Amino acid sequence: MTDPRSLTVREAARQIAERRLTAEALAAAYLDRIEARETMVGAWQYLDRERALADARRRDAEPTRGPLHGIPIAVKDLIDTVDMPTAYGSSIYRGHRPAADASCVALARAAGAVVLGKTVTTEFAAFTPGKTANPRNPAHTPGGSSSGSAAAVADGMAPLAFGTQTAGSVIRPAAYCGCIGYKPSFGLINRAGVKPLADSLDTIGVLAGTVEDAAFFAGVLSERPALRHLAAPSDRPRFGLYRTPMWDEAEPATAAALDAARAALERAGAAVAELAIAPEHYGLAEVQNTIMGFEMVRALAYERTLHSAELSPRLAQMLDAGMTIGADEYDRALARAAEARAGLDAFFGSCDAVLVPAAPGEAPVGLGNTGDPIFNRMWTLLGVPCVTLPARWADNGLPTGVQLVGRIGNDPRLMACAAFLERALAKP
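Just so you know, these numbers come straight off a predicted model, no measurement behind them.

1. Quick word on helix H2 (residues 23-41)
The largest bend along H2 reaches roughly 40° and is located at Glu35. For H2, every residue scored as buried is listed here: Ala23, Leu26, Ala27, Ala28, Ala29, Tyr30, Leu31, Ile34, Arg37, Glu38 and Val41. Each element contacted by the buried residues of H2 is listed here: helix H1 (9-17), strand E1 (44-47), helix H3 (49-61), strand E2 (72-76), strand E3 (114-119) and helix H5 (147-154). A positive backbone phi angle near 65° is found at Gly42, which sits one or two residues after H2.

2. What to know about unusual backbone geometry
Cis peptide bonds are those with omega within 30 degrees of zero, and the linkage from Gly144 to Ser145 qualifies with 5°. In this fold, Ser145 is placed in the loop between E3 and H5. One non-glycine residue, Glu223, lies in the positive phi region at around 55°. Looking at the secondary structure, you find Glu223 in the loop between helix H7 (211-222) and helix H8 (225-228).

3. A few points about the packing of aromatic side chains
Any pair of aromatic rings gets described here by the distance separating the centres and the angle formed by the planes. All told, the structure shown has 9 aromatic pairs when counted by the stated rule. Considering the side-chain rings of Phe239 and Phe420, the 6.3 Å spacing of their centres and the 35° angle between planes classify their relative orientation as tilted. Here Phe239, found in strand E7 (residues 238-241), pairs with Phe420, found in helix H16 (residues 411-426); they are 181 residues apart in sequence, far enough to count as distant. The class for Phe239 is buried, based on a relative accessible area of 1%. For Phe420, a relative accessible area of 15% puts it in the buried group. Here Phe347 and Trp379 contribute two aromatic rings whose centre-to-centre distance is 6.1 Å and whose plane-to-plane angle is 35°, an arrangement assigned as tilted. Taken together, the positions of Phe347 in helix H14 (residues 344-348) and Trp379 in helix H15 (residues 377-382) put the pair 32 residues apart, joining distant regions of the chain. Residue class for Trp379 comes out buried when judged on its relative accessible area of 0%. These aromatic residues form a ring-pair network of at least three members: Tyr242, Phe347, Phe348 and Trp379. The ring of Tyr88 has Lys195 lying over it, and the distance from NZ or CZ to the ring centre is 5.7 Å. Over the aromatic face of Phe294 sits the side chain of Arg298, whose NZ or CZ is 3.7 Å from the ring centroid.

Reading guide: rules and limits
Residues numbered from 1 in each chain as written. Predicted model: local features only at pLDDT ≥ 70, side-chain atom pairs only at ≥ 80, totals over all residues. Heavy atoms only, no water. Bend = angle between axes of the 7 residues up to and from the residue. Helix = DSSP H or I, 4+ residues; strand = E, 2+ residues; numbered from the N terminus. Buried < 20%, exposed > 50% of the residue type's maximum accessible area, 1.4 Å probe, protein only. Contact = heavy atoms within 4.5 Å. Phe/Tyr/Trp six-rings, centres within 6.5 Å; stacked < 30°, edge-to-face > 60°. Lys NZ or Arg CZ within 6 Å of the ring centre and 35° of its normal.

Right, dumping it as structure tokens:
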């Protein structure tokens, strides 16, 4: 019998709806993988096998709820779940039980999804790591803050997972672990019930094994049919290649991954044009950091003022730095971001998507830090949709991802271009 984990999400849902596969069998296959690998990977903060199987059996006993009926998902432990603890990666909230599901979890359950458990997040989605290792090479970081979600999906422990991104917390771990990471346009997926870090930046994203699965999941949650039913480009897609003002931070692995992606696109018949650095993009990584620092001081006011002894030294230092940012400096940063956002149409020009680095290079060695979001900060600040996919694999088992960015609100076109690149990279 074929391992049901090899099915796409859409095909698994179809087989469950047609009673050719049970939700229980699908959940059990993923739970067995978790049992075999979790000691090494450490992706899960909370897991209850019997609860998940009982939920799957309920799906088998009831009419089809929606397009995710019977599909197992993982939920980042920054996102509220009414029936499972949600600790936000902090000892302050150990054992905390929210009064309600976050909007995205409620919508996924309403569509029939089965929540397997909660995946590890860094402390409050900042930079202090949890226990998770990179499933491709456990001596290396999985990235963060969506560490557990990326590791779980990359290791075949779940077909879909929720992540969040304020700087680079979906794209970077997906690039390091070798799965699809999709940060939609800002606000596409409702954030109610997600612990805030920086209100003007926080974005719910998804992790998946394929571009189509990622688009399908986000499309269901956001009621966007064009994402649910991704259409192939009707003509040759036009790509820009953009090395960004941060190119000096790119390591040889990232340069090679971009070259590989460009070559694959051109072999597949796509047009790829190198873009000049836009003057308004200089300094945007620092602008994002300023806005994040100012906003996180206020988002974590309760924890900072009443539980400072329980914060990690790294987070305490970030909050101290944020306290030095005045409102005038913050307002100037917001104005810079708005100015750069206004120039996006001219920047994209005739391009359907722009190919950029996803991370400085392969996942760094060690579990004491989660890597640098330098190639993600600018795009999160601008609110554009982003997706990463692996473009290169090293002898040590580690992938190097590339990132595609698209126009705000035109997520279906971006994801169609990503699917085109995915197919191009799969060809020898």
